[in-house]
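Each chain, written out:
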Amino acid sequence: MEIWNRHIECMDRQELRRIQGERLRETVERVYFNVPYYRNKMQESGLGPESIHTTDDLHRLPFTTKQDLRDNYPFGLFAVPMSEIVRVHASSGTTGKPTVVGYTRNDIATWSEVMARTLTCAGANRHDFIHVAYGYGLFTGGLGLHYGGEKIGASVIPVSGGNTIRQLQLLVDFGSTVLACTPSYALFLAEAIEDARIKRDDLKLRVGVFGAEPWTENMRREIEEKLRIKAIDIYGLSEVIGPGVASECLVQDGLHISEDQFYPEIIDPVTLEVLPEGKTGELVFTTITKEGLPLIRYRTRDLTTLRYEKCRCGRTLVRMEKCLGRSDDMLIIRGVNLFPSQVESVLLEMSEIKPHYLLIVDRVNNLDTLELQVEVDEEFFQDKISQLQTLRQKIQTNLESSLGLGIRVNLVEPKTLERSEGKSKRVIDKRKL
Amino acid sequence: MIVHQLSVFLENKSGRLTEVLEALGSERIKITALSVADTSEFGILRMIVSDPAKAKELLKERSFTVNLTEVISIMAPNEAKYYAKVLRILSDLDLSIEYTYAFSVGEKSVIILRCSNTEEALKALKDHELDLLKASDLYKL
Ligand SMILES: [Zn+2]
């Protein structure tokens, strides 16, 4: 397996920590002197640039949120004069103003570097044809993949999104070997290929790099079966840099974070305490080389776990698990943090049911109660009471052992659970606090 | 003989049974027999109807979880000893009965049962010269 930057990606962890500390100190100094917002916030906490020596001091710094970016719309958090900015991207603002990010020439180089690592992680090299079907434009997906692809010397085909017929024609005619798009679009393409009666042998696709939206292991299996490619999960967010923040390698056991650029922490989204290795919580990033828009302890709202042991691919960079969901969805049941996605992954492991469920939280006599309604799947339904009772007990046992929470499972008729455009309401919280 | 029984999963919610019957009624489907097995949370409705395939479609369209199950039907005089005889034949062969129900037609009764091994049960019942009802006869009752 090729590694783009062996020096960094396989670095001794102690050496890496030293570099991270150094870069963190420089970053803190830069934001303190160049971004009034950060200076004020640090002064309020009685901190100065000299307060931060190593990454161990990071927890003393205040968090940055998406709201802070909005409050300083559009360029308020930039740390360089606009003359140094060579590129601006923005994320669509579904609620309120868009989030604006700016890059210096060095930031673009950093971005290309981490994307080169990502693509190499997925097994791509200069002999590949990369079909980029991520959107080009204000969204970071298209251009992020584009620059990374050029950096490794591959032939980049900037198809962007839409026009599926043409996408199929180019895939066949150009013999693309790498597909880059969102996982849902990959599934859509797979179906279109089937409908168009294109033979698999007419395609040279080998691997796909998919990200920009949450997807399950089941979706991965489906994509891998239908397209007969290896489906690699990539992670990124425009605030941090765009795609390239982390990527799976061919081992497909967690995503390697380019932590020489983006320093990760996992926090409890309620107490905001930093959590130890292996605990699930909200992912927080501090960019430690970015110039245009450096971010200190940026709360991603994404839930995951970090693992620091060396990977079988040889990389020593920390790995994050596939994102489990959003911290905004978190429930606290009898003091235990619970994410609906945890319930979903337990259900997904059971072949007898489909993950159509509804969680109902209530409070009876000052005690939180948790009820899970699961639809009975027609393929599994026989007319035996005992079979249904066994199923119900099995779901309950699996959930309790995985979540560490007592839960009452009820089997319900299909479609009882409201569905709209594929997205269903997963949680009803009846507690009045 | 083997008869296709319509089995429907039902939540214990008022009005659901009515909806099932109204759906079948809309296409004039006749019900020969009906039984409900339930727990405190859910139930299974079991029916012998005049057109099982059509009934299944009707209910599927209305999003019910429904299946056709193979059961055995036997016609015997409606005295307890005949019912007992049927059960004895099967238990002597170590065949377990998952459920059974019956209804009377005049002096006769029709016994419906689901057994762990349908074929073996049928053979044994035939050997004892029991009157196994054909589906077409049963649906007409
Ligand atoms: Zn690896």
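Residues numbered from 1 in each chain as written. Chains lettered and ligands numbered in written order. Predicted model: local features only at pLDDT ≥ 70, side-chain atom pairs only at ≥ 80, totals over all residues. Heavy atoms only, no water.

## So, the environment of Gly292(A)
Residues and elements named next belong to chain A.
Part 1: Relative to the helices and strands, Gly292 is located in the loop between strand E11 (281-287) and strand E12 (298-304).
Part 2: What makes Gly292 buried here is its relative accessible area of 0%.
Part 3: Expressed as a C-alpha distance, the spacing of Gly292 and Asn398, which sit 106 residues apart in the sequence, is 48 Å.
Part 4: When sequence neighbours within four positions are dropped, the list of residues in contact with Gly292 reads Leu77, Phe78, Ala79, Val80, Ile85, Gly102, Thr104 and Asp107. (Helix = DSSP H or I, 4+ residues; strand = E, 2+ residues; numbered from the N terminus. Buried < 20%, exposed > 50% of the residue type's maximum accessible area, 1.4 Å probe, protein only. Contact = heavy atoms within 4.5 Å.)

## Points about the sheet that holds strand E5 (residues 178-181) of chain A
Think of a sheet as strands paired side by side through backbone hydrogen bonds, with each pair either parallel or antiparallel.
All names here are of chain A.
Part 1: On the basis of which strands lie adjacent, the open sheet formed by nine strands has the order E4-E3-E5-E6-E7-E8-E9-E14-E13 and mixed pairing. A strand with exactly one partner marks an edge of an open sheet, and here the two such strands are strand E4 (155-157) and strand E13 (306-307).
Part 2: Pairing between E5 and strand E6 (residues 207-210): four bridges, direction parallel. Looking across to E6, one finds that Val178 is bridged to Val207.
Part 3: The sheet strands contacting helix H6 (residues 140-151) are strand E3 (129-132), E4, E5, E6, strand E7 (230-237) and strand E8 (242-248), and the helix crosses E8 at an angle near 65°. (Pairing = 2+ DSSP bridges. Axes fitted to C-alpha atoms, helices over the stretch in contact; angles between N-to-C directions.)

## As for the packing of helix H7 (residues 164-174) of chain A against helix H8 (residues 183-195) of chain A
Residue and element names in this part refer to chain A.
Part 1: Where H7 meets H8, the closest approach of the two axes is 11 Å, and the angle between their N-to-C directions is 75°. Our classification of the angle between H7 and H8 gives roughly perpendicular. In this structure, H7 uses Thr164, Gln167, Leu168 and Leu171 to contact H8, whose residues at the interface are Tyr185, Phe188, Leu189, Ala192 and Ile193. (Parallel < 35°, antiparallel > 145°, perpendicular 65-115°, else oblique.)

## A word on the coordination of the zinc ion
All names here are of chain A.
Part 1: Bound to the zinc ion are the protein donor atoms Cys249 (SG), His256 (NE2), Cys311 (SG) and Cys313 (SG), situated 2.1 to 2.3 Å from the metal.
Part 2: Around the zinc ion sit four donor atoms, and with donor-metal-donor angles ranging over 102 to 114° the site reads as tetrahedral.
Part 3: Of note, the zinc ion draws all its donor residues from one chain, in the sequence arrangement C-x6-H-x54-C-x1-C. With His256 in strand E9 (residues 255-257) and Cys311 in the loop between E13 and strand E14 (319-320), this residue pair connects regions lying 55 residues apart in the sequence. The exposure classification of His256 matches that of Cys311, with both residues buried. (Donors = N, O, S within 2.8 Å, 3.2 Å for Na, K, Ca; no water. Tetrahedral: all angles 85-135°; square planar, octahedral: opposite > 155°, others 65-115°.)

## Regarding the pairing of strand E5 (residues 97-105) of chain B
Part 1: As judged from the eight bridges shared by E5(B) and strand E6 (residues 108-115) of chain B, these two strands associate in the antiparallel manner. Considered in E6(B), the bridge of Ala102(B) is made with Ile111(B).

## Some words on the domain arrangement of chain B
All names here are of chain B.
Part 1: Taken as a whole, chain B is organised into domain 1 (2-68) and domain 2 (71-139).
Part 2: Centre-to-centre separation of domain 1 and domain 2, based on C-alpha positions: 22 Å.
Part 3: On the domain 2 side, the residues contacting the 13 residues of domain 1 number 12 residues.
Part 4: Interface area, domain 1 with domain 2, both sides summed: about 1200 Å², of which 62% is carbon and sulfur.
Part 5: Among the residues domain 1 hides against domain 2, the three largest losses belong to Ile2, Val3 and Thr32. Together they make up 46% of the total.
Part 6: Taken together, domain 1 and domain 2 are joined by zero salt bridges. (Domains from an automatic or database assignment. Buried area = accessible area lost by both parts, 1.4 Å probe. Salt bridge = Lys/Arg side-chain N within 4 Å of Asp/Glu carboxyl O.)

## Concerning the domain arrangement of chain A
Quite often, the size of an interface is put as the accessible area lost when its parts meet.
Residues and elements named next belong to chain A.
Part 1: Each assigned domain of chain A is listed with its residue range as follows: domain 1 (6-327) and domain 2 (332-429).
Part 2: With 10 residues of domain 1 at the contact, the number on the domain 2 side is seven residues.
Part 3: The interface formed by domain 1 and domain 2 includes zero salt bridges.
Part 4: Where the side of domain 1 that touches domain 2 is concerned, the elements lending two or more residues are helix H9 (217-227) and strand E15 (325-326).
Part 5: For the side of domain 1 that touches domain 2, the residue count by class is three nonpolar, four polar and three charged. (Nonpolar A, V, L, I, M, F, W, Y, C, P; charged D, E, K, R; others polar.)

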